[in-house]
Amino acid sequence: MTDSSKTATLTIDGKKYELPMLSPSVGPEVIDIRKLYAEAGVFTYDPGYTSTASCDSTITYIDGDEGVLLHRGYPIDQLASKSHYLEVCYLLLYGELPTAKELEVFETTITRHTMIHEQMHNFFRGFRRDAHPMATMVGVVGAMSAFYADSADVSDPRQREIASHRMIAKMPTIAAMAYKYSIGQPFVYPRNDLDYAANFLHMCFSVPAEDFVVDPILARAMDRIFTLHADHEQNASTSTVRLASSSGANPFACVAAGIACLWGPAHGGANQACLEMLKEIGAVDRIPEFIARAKDKNDPFRLMGFGHRVYKNFDPRATVMKQSADEVLDLLGIENNPVLQVAKELEKQALEDPYFAEKKLFPNVDFYSGIILEAMGFPTSMFTPIFALSRTVGWISQWKEQFSDPAHKIGRPRQLYLGATMRSYVDVEDR
Ligand code: SDX
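Sequence order sets the numbering: in each chain, residues are counted from 1 along the sequence as written. In keeping with the model being predicted, local features are shown solely for residues with a pLDDT of at least 70 and side-chain atom pairs are shown and tallied solely at 80 or more, while totals for entire chains, interfaces and linings include all residues. Side-chain numbers come from the whole structure's heavy atoms, not from hydrogens or water.

Here's the deal with the overall build of the protein
Reasoning step 1: Secondary structure elements follow DSSP: runs of H or I of four or more residues count as helices, runs of E of two or more count as strands, with numbering from the N terminus. Within the protein, the secondary structure is distributed over 18 helices and 6 strands.
Reasoning step 2: Computation of the radius of gyration draws on C-alpha atoms, with the globule rule given as 2.2 Å multiplied by the number of residues to the power 0.38. Here the C-alpha radius of gyration of the protein, 23 Å, is about what a compact globule of 431 residues would show, namely 22 Å.
Reasoning step 3: C-alpha atoms of the protein, sized along the principal axes, occupy 75 × 65 × 55 Å.
Reasoning step 4: Buried means the residue's accessible area, taken with a 1.4 Å probe over protein chains only, is under 20% of the maximum for its type, while exposed means over 50%, and partly exposed covers the values in between. With 431 residues in all, the protein has 48% of them scored as buried.
Reasoning step 5: By sequence separation, contacts in the protein at least 24 residues apart represent 69% of the contacts at least 6 residues apart.
Reasoning step 6: All accessible areas in this document rest on Shrake-Rupley with a 1.4 Å probe, and a residue is counted as covered only by the protein chains that are shown. Only carbon and sulfur atoms are counted for the fraction: they give 54% of the accessible area of the protein, which is about 21,400 Å².
Reasoning step 7: Distance from the positive charge centre (42 side chains) to the negative charge centre (54 side chains) of the protein: 4 Å. Residue contacts follow a heavy-atom distance rule, with two residues in contact if any of their heavy atoms lie within 4.5 Å. Positive: Lys, Arg. Negative: Asp, Glu. His and the chain ends are not part of the count. The atom standing in for a charge is NZ when the residue is Lys, CZ when it is Arg, CG when it is Asp and CD when it is Glu.

Some thoughts on the nonpolar core
Across soluble globular proteins, you tend to see nonpolar side chains buried next to one another.
Reasoning step 1: Membership of the largest hydrophobic core comes to 111 residues, with the highest contact counts inside it found for Phe-200, Met-222 and Phe-378.
Reasoning step 2: Considering each element in turn, this core owes the most residues, 12 residues, to helix α7 (residues 157-182).
Reasoning step 3: Residue contacts for Phe-378: discarding those within four places in its chain leaves Phe-200, Leu-201, Cys-204, Phe-205, Met-222, Leu-373, Phe-383 and Ile-386. Only buried residues count toward a nonpolar core, which is a set of Ala, Val, Leu, Ile, Met, Phe, Trp, Tyr and Cys residues joined through side-chain atoms within 4.5 Å.

Comments concerning the UniProt feature "active site" (unreviewed entry) in the protein
Reasoning step 1: The UniProt entry lists His-308 and Asp-366 under the feature "active site" (unreviewed entry), expressed in the numbering used here. In terms of the greatest pairwise C-alpha distance, the residues named above, spread along 59 residues, form a tight cluster of at most 10.5 Å across.
Reasoning step 2: Residue placement: His-308 occurs in the loop between α13 (287-295) and α14 (316-331).
Reasoning step 3: Discounting chain neighbours no more than four positions away, the residues touching His-308 are His-232, Arg-317 and Asn-364.
Reasoning step 4: Pairs of N or O atoms are called polar contacts if they sit within 3.5 Å, as long as, within protein, a hydrogen donor faces a hydrogen acceptor (for residues adjacent in sequence, only side-chain-to-side-chain pairs). Separated by 2.9 Å, the side chain of His-308 and the backbone nitrogen of Val-310 make a polar contact.
Reasoning step 5: Tracing the chain through its elements places Asp-366 in helix α17 (residues 366-375).
Reasoning step 6: Residues in contact with Asp-366, not counting those within four places in the same chain, are His-229, His-267, Gly-268, Ala-270, Asn-271, Cys-274, Gly-305 and Phe-387. UniProt positions are given in the numbering used here, feature names are shortened, and annotations may be inferred rather than shown by experiment.

Considering the sheet that holds strand β6 (residues 74-75)
Reasoning step 1: Two strands make a pair as long as DSSP finds a minimum of two bridges between them. Taken together, 3 strands build an open sheet; the order of strands is β4-β5-β6 and the sheet is antiparallel. Two strands lie at the open edges of the sheet, namely β4 (60-63) and β6, each paired on one side alone.
Reasoning step 2: Judged from the 4 bridges that link them, β4 and strand β5 (residues 68-71) form a sheet pairing that is antiparallel. In the sheet register, Asp-63 faces β5, and the bridge partner there is Val-68.

Here we look at the site of the ligand
Reasoning step 1: Any residue with at least one heavy atom within 4 Å of a molecule or strand is counted as near it. If you check the shell around the ligand, you find 24 residues, and the closest are His-232, Leu-303, His-308, Arg-317 and Arg-391.
Reasoning step 2: Separating an oxygen atom of the ligand from a side-chain N or O atom of Lys-359 is a distance of 3.0 Å.
Reasoning step 3: With the chains in place, 78% of the 1,100 Å² that the ligand exposes on its own is no longer accessible.
Reasoning step 4: In this classification, the charged set is Asp, Glu, Lys and Arg, the nonpolar set is Ala, Val, Leu, Ile, Met, Phe, Trp, Tyr, Cys and Pro, and all remaining amino acids, among them Gly, are polar. Grouping the amino acids of the shell around the ligand by side-chain chemistry returns 10 nonpolar, 7 polar and 7 charged.

Considering unusual backbone geometry
Only a minority of non-glycine residues have a phi that is not negative, and only a minority of peptide bonds are not trans.
Reasoning step 1: A positive phi angle, close to 50 degrees, is found at Arg-72, a residue other than glycine.
Reasoning step 2: Structurally, Arg-72 can be placed in the loop between β5 and β6.
Reasoning step 3: In this structure, Glu-233 is a non-glycine residue whose phi angle is positive, near 60 degrees.
Reasoning step 4: Inspection of the secondary structure assignment puts Glu-233 in the loop between α9 (216-228) and α10 (236-245).

Looking at the side chain of Ser-324
Reasoning step 1: Here Ser-324 shows up in helix α14.
Reasoning step 2: Look past the residues within four positions of Ser-324 in its chain and what remains in contact with it is Ala-221, Arg-224 and Ile-372.

Let's talk about the pattern of salt bridges
Reasoning step 1: A pair is scored as a salt bridge if a Lys or Arg side-chain nitrogen falls within 4 Å of a carboxyl oxygen belonging to Asp or Glu. Within the structure shown, the criterion is met by 18 salt bridges.
Reasoning step 2: With a shortest N-O distance of 2.6 Å, Lys-6 and Glu-29 are connected by a salt bridge. With Lys-6 in strand β1 (residues 2-12) and Glu-29 in the loop between β2 (15-23) and β3 (30-31), the pair connects residues that are 23 residues apart, well separated along the chain.
Reasoning step 3: For Lys-6, a relative accessible area of 43% corresponds to the partly exposed category.
Reasoning step 4: Linking Glu-347 and Lys-322 is a salt bridge whose minimum nitrogen-to-oxygen distance equals 3.0 Å. Here Lys-322 lies in helix α14 and Glu-347 lies in helix α15 (residues 338-351), a separation of 25 residues in the sequence.
Reasoning step 5: Overall, the relative accessible area of 12% leaves Glu-347 in the buried class.
Reasoning step 6: Taking the relative accessible area as the measure of exposure, Lys-322 reaches 28% and is therefore partly exposed.

Here we look at the packing of aromatic side chains
Reasoning step 1: Only rings of Phe, Tyr and Trp enter the pairing, Trp through its six-membered ring, and a pair is recorded when the two centres are within 6.5 Å. The plane angle decides the type: under 30 degrees is stacked, over 60 is edge-to-face, the rest tilted. In this structure the tally under the stated criterion is 21 aromatic pairs.
Reasoning step 2: When the centroid spacing of 6.3 Å and the interplanar angle of 90 degrees are considered together, the rings of Tyr-94 and Phe-106 count as edge-to-face. Here Phe-106 lies in helix α4 (residues 100-111) and Tyr-94 lies in helix α3 (residues 85-94), a separation of 12 residues in the sequence.
Reasoning step 3: You can call Phe-106 buried: its relative accessible area is 4%.
Reasoning step 4: Note on geometry: a ring has a charge over it if NZ (lysine) or CZ (arginine) is within 6 Å of the ring centre and within 35 degrees of the ring normal. Geometry around Tyr-37 places Arg-414 over its ring, the cationic atom sitting 5.9 Å from the centre.

If you want it as structure tokens, here you go:
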């Protein structure tokens, strides 16, 4: 963040206030309003944070108009095709692509942290079998500080690093256990001879009764889905993690807060809601009916997987996901998948409709991901847990970054108060 020579002038009741401007390495400049209330006695007002930068960061940059997503400067399409998830984790955590030796050490470290404390298995048994796996993940991750107290002191950089590795390593194990519990199958332990994505598929789909070999094509597709969801600047769940962390809460509690926020259908829950919507549409000839409902202001229905707060052009992740959907379904021999046909025709018709063009609504990361995940054998209830698993490295990287600013303080927004002004208590007999 560099001070710009420019200032912004604000005039209130004839009095002028000069506000400094700060320059980014790329993207919009910002007006530094940190001293505004002290100097002018006014707040700014931005309930959805549509024009507000909550922090400075060096991790991820999004250009919503150009459909650009960079992780530490590297475009997402290059990372999705040339890198793999644990290398992207290293990049997000440490800022640079690792050397071969650095990558080997990092992957070995993560691999050796994938098991969870055996006593944590009891947590799962406290849930109903039909509990949504996201409910289980919020509960189990929140409880991790009770088992990993030796990496919960956020003032200790080494403990912060160990907690980071533990979160990235154990999230697939917890997600897979939540899935196994929901279908009444025994938990499957992680294996150190499998890579990160293959290990997750093995923990989800193998059973003790027979050998299970992970399809390398599915493992590659899984790994790419993890990469495409890894981080995304200051989205709602990442902002939740940052705000929780600003009070000094331990990293496991902060990530549990992020999981809870991601669950909502306007955010990470959209991948589940999108596939359920595509199935409700069911056939190409019903698409116009649903497009009409999405445009009807009196109908709360929205096209799930469409639209984005930042992307007012295509979501580059959706482009990669769409290619991957074609590849995976072809490789699985799932010809003419009706849901994929509906999705492609819905995208075509929506993008030709002036309503969506005017409001700049395009498919987002959640539009095609569910089609791949279902083809891989996951129920819709596992779509958001997989998003949470993937996003853990983003939450943790952004959480870690906060400690690099010694001046960082507790986040405490103000408000525009519209309630009753001061008045005296009235006894009940006088009301
Ligand atoms: C994710 O922030 C991130 O980075 C999130 C994410 C990440 O990686 O972390 O990218 C992941 O959450 C992707 C988004 C997943 N959500 C969905 O697919 C749910 C459907 N989409 C919408 O609910 C909506 O588009 C949001 C929530 C994603 C964005 O909402 P905004 O930016 O607050 O936009 P808005 O609600 O103000 O909508 C602007 C206009 C409105 O019409 P008007 O009031 O101006 O007349 O567009 C309309 C909306 O009604 N609109 C839609 C629509 N999305 C917006 N109309 C129909 N269908 C939709 N999907």
